[in-house]
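Coordinate analysis (summary)
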Amino acid sequence: MTADLKPIRNEADYDAALEEVGRLWGAKSGTPDGDKLDVLATLIDAYEVKHHPIDPPDPVEAIRFRMEQQGLTRKDLEPMIGPRNRVADVLNRKRGLSIDMIRQLHDGLGISAEVLIRPSRMDKVA
């Protein structure tokens with residue numbers, strides 16, 4: 001029943017689409033309801049990208065998140081960032097990341113260089 005599908009142009013359309021996805025959730029792929037769910041998910045995604053964009057994380061938050069994920073300590077960052085005091089300065093937002101640090105963190109932790117090159121919250125205020 002894809003005949004009643006329409007573009008999502010505003011928040012009311014968006015809310016209605018989300019409600020319909022909730023109703024269709026779990027529909028088997030290849031069925032009419034499953035096809036409608038796929039199309040709605042695509043429409044919702046396109047609307048969210050345009051109207052509800054999510055900023056990439058702050059570099060320090062990304063580093064802390066990866067540390068937590070991998071059970072790393074500050075000492076584990078020393079080969080990528082430098083001595084203990086430099087690691088502390090970076091994690092406390094007293095020092096920005098150099099290009100070399102960004103390369104090392106990207107290679108060592110797999111954090112996107114695009115995320116690491118962004119200004120940290122402290123840099124935005126200054």
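Keep in mind that what you see is a predicted model, and the values were worked out from it rather than measured.

**Quick notes on the pattern of salt bridges**
Applying the stated criterion to the full structure yields five salt bridges. Of the charged contacts in the structure, one is a salt bridge between Arg23 and Glu20, with a shortest N-O distance of 2.7 Å. Taken together, the residues span about one helical turn, with Arg23 and Glu20 both in helix 1 (residues 11-24) at a distance of three residues. For Arg23, a relative accessible area of 53% gives the class exposed. On the accessibility criterion, Glu20 (19% relative accessible area) is buried. A salt bridge links Glu78 to Lys75; its shortest N-O distance comes to 3.9 Å. Of this pair, Glu78 and Lys75 both sit in helix 4 (residues 74-81), separated by three residues, roughly a single helical turn. The partly exposed category is assigned to Glu78, whose relative accessible area is 23%. Among the residues examined, Lys75 registers a relative accessible area of 58% and is labelled exposed. The network of salt bridges with shared partners includes Glu20, Arg23 and Lys36.

Parameters at a glance
The residue count restarts for each chain, going from 1 along the sequence in the order it is written. Owing to the predicted nature of the model, reporting of local features is limited to residues with pLDDT of at least 70; listing and counting of side-chain atom pairs is limited to 80 or more, with chain, interface and lining totals taken over all residues. Think of the side-chain values as coming from all heavy atoms in the structure, minus any hydrogens and water. A pairing counts as a salt bridge when a side-chain nitrogen of Lys or Arg comes within 4 Å of a carboxyl oxygen of Asp or Glu. By definition, any uninterrupted DSSP run of H or I lasting at least four residues is a helix, any uninterrupted run of E lasting at least two residues is a strand, and each is numbered from the N terminus. Accessible area is worked out with a 1.4 Å probe on protein chains only. A residue is then buried under 20% of its type maximum, exposed over 50%, and partly exposed in between.

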